[in-house]
2 protein chains.
Amino acid sequence: MTSVLVVDDEPQIVRALRINLSARGYDVMTAYDGKSALGVAVEGKPDVVVLDLGLPDIDGVDVIAGLRGWSTIPIIVLSARTDSSAKVEALDAGADDYVTKPFGMDELLARLRAAVRRNLAREAGDPVVETSSFVVDLAVKKVRRDGHEVHLTPTEWGLVEILARNPGRLVSQKQLLQEVWGPMHVNESQYLRVYFAQLRRKLEDDPAHPRHLITEPGMGYRFEM
Amino acid sequence: MTSVLVVDDEPQIVRALRINLSARGYDVMTAYDGKSALGVAVEGKPDVVVLDLGLPDIDGVDVIAGLRGWSTIPIIVLSARTDSSAKVEALDAGADDYVTKPFGMDELLARLRAAVRRNLAREAGDPVVETSSFVVDLAVKKVRRDGHEVHLTPTEWGLVEILARNPGRLVSQKQLLQEVWGPMHVNESQYLRVYFAQLRRKLEDDPAHPRHLITEPGMGYRFEM
DNA sequence: CCCCGGCCTCAAGAACGCGTAAAAGCCGGG
DNA sequence: CCCGGCTTTTACGCGTTCTTGAGGCCGGGG
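The paragraphs below set out a description of the structure included in this document. (Residues numbered from 1 in each chain as written. Chains lettered and ligands numbered in written order. Predicted model: local features only at pLDDT ≥ 70, side-chain atom pairs only at ≥ 80, totals over all residues. Heavy atoms only, no water.)

## Here's the deal with the interface of chain A and chain B
With 22 residues of chain A at the contact, the number on the chain B side is 18 residues. Here chain A packs against chain B, burying approximately 1,500 Å² in sum over the two surfaces, 48% of which is carbon and sulfur. Among the ionic pairs, B:Glu224 bridges to A:Lys142, the shortest N-O distance being 2.5 Å. Viewed at the interface, chain B and chain A are joined by three residue pairs in polar contact (both at pLDDT 80 or more). Mapped by element, the contributors of at least two residues to the side of chain A that touches chain B are helix 5 (105-124), helix 6 (154-165) and helix 7 (173-181) of chain A. Grouping the amino acids of the side of chain A that touches chain B by side-chain chemistry returns six nonpolar, six polar and 10 charged. (Contact = heavy atoms within 4.5 Å. Buried area = accessible area lost by both parts, 1.4 Å probe. Salt bridge = Lys/Arg side-chain N within 4 Å of Asp/Glu carboxyl O. Polar contact = N/O pair within 3.5 Å; in protein donor to acceptor, adjacent residues only side chain to side chain. Helix = DSSP H or I, 4+ residues; strand = E, 2+ residues; numbered from the N terminus. Nonpolar A, V, L, I, M, F, W, Y, C, P; charged D, E, K, R; others polar.)

This is the structure:
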């Protein structure tokens, strides 16, 4: 059975999640602050963590760091609509996805399933990522579309590679810029816009309405399979 | 029994790996710094090495170079999440795979099995690679075209051999330069242009439009069969 | 309602990397 | 010592890629 650790200081949210998750067959653990969350995580080894950023004791980002110190358990962040810089920090610290409060239960459940599925896939270590319209082969560094190879420049490939290694996961602008252009260019978000436009022209069926290379405004980009 | 050398300066990581690997039937050796790692490797001839990049005495890349000086033992590198350039250096220096800390034990075990399997396959490996216009015989170091032998200089052969051992795969300029000219010449990409032009004149039907020795601008070269 | 921030698109010059040729340097054998 | 084969170096034209700036669009907040 899949186990979930829910961390939030608002009892009604914890209760709602416990009810919904249990009903769907998840094993639910809970914590109301960062400190006990870390303890429960070590004890219970959950398969996924749902973490509210606004905890009473520890900053959410530090909780993420504490978990990432010893594990790669997927973390889904909950946060209020306003603190958007906190969300980006959380992603950079190693969170896998985020959901804005107030949230629909269906959305959260979908992201939870995706996070768990992704984690299983990653541990298998498959070097080929496939979408409905194109295929990324990480081992030989090729992209094919309709059986037919698409040429990517080094910069384009750098972006595709990072996203394809984190399918479904939201990757922050900072991380992309840092890994492709280096630490000196972490603020050149215009580069990303230009290159994502280029990639969509090459890879998407309808570049104006991308289905796989998704922008999350203010946050980063996501590769949907 | 398969033997593994674990090199890391963090005792808790070494301990965790020792326990998990022993339980799965591996013979485990350990070292806490680069110098003793090289010693133990020489003594114990492990089948695979797990190497942390952040060692106290020697830079991880130099440890890789030290091992590669006399052996082709597969090396799996461990490293912290942030330094992505270190990753590239490590792979270029001859590491076989790369796992970011923190890592899941399952993932590491999978990569370990893969590394050992690849190594066995390579040692058994098929010594002849064939294309539509020429044949590379890796066992006797000869190339034939129309039944009729083509003479290659030592440098030319070095390039052909690396590419032929990785058919279809993109091989980086750095890796080619490193393996053929040595670590001091990893930036002399002009050498590659000169030699690839030469090889194409000797091997391709139409040297101006190569079908097998393919340039991927800015990235490297690829051998297409 | 307007303003503003973030995003998409387009285009043009600069910078870069590639292929090619040919000269110069190196080295061992005759 | 001279010669031939191999490697290294230099030079240049050319196409591609990267960078940068400007303009337009959209949605949220004041």
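## Some remarks on unusual backbone geometry
Of note, the bond from A:Lys101 into A:Pro102 is cis; its omega dihedral lies within 30 degrees of zero at -5°. Among the secondary structure elements, A:Pro102 is positioned in the loop between strand 5 (97-101) and helix 5. Residue A:Asp146 is not a glycine yet carries a positive backbone phi of 55°. With respect to the helices and strands, A:Asp146 occurs in the loop between strand 8 (142-145) and strand 9 (148-150). At B:Lys45, a position not held by glycine, the phi torsion is positive, near 40°. Its place among the elements puts B:Lys45 in the loop between helix 2 (34-44) and strand 3 (48-52).

## Observations concerning the environment of A:Ala16
Looking at the element boundaries, A:Ala16 is found in helix 1 (residues 11-23). C-alpha of A:Ala16 to C-alpha of A:Met105: the two residues are 89 residues apart in sequence and 9.1 Å apart in space.

## Let's talk about the pairing of strand 8 of chain A
All names here are of chain A. Where strand 7 (residues 135-137) meets strand 8, three bridges bridge the pair, whose relative direction is antiparallel. What sits directly across from Val135, in strand 8, is Arg144. Here strand 7 folds back onto strand 8, and the loop between the two strands holds four residues, one of which, Lys141, carries a positive phi near 60°. Where strand 8 folds back on strand 9, the antiparallel hairpin that results is connected by two residues, among which Asp146 adopts a positive phi of roughly 55°. (Pairing = 2+ DSSP bridges.)

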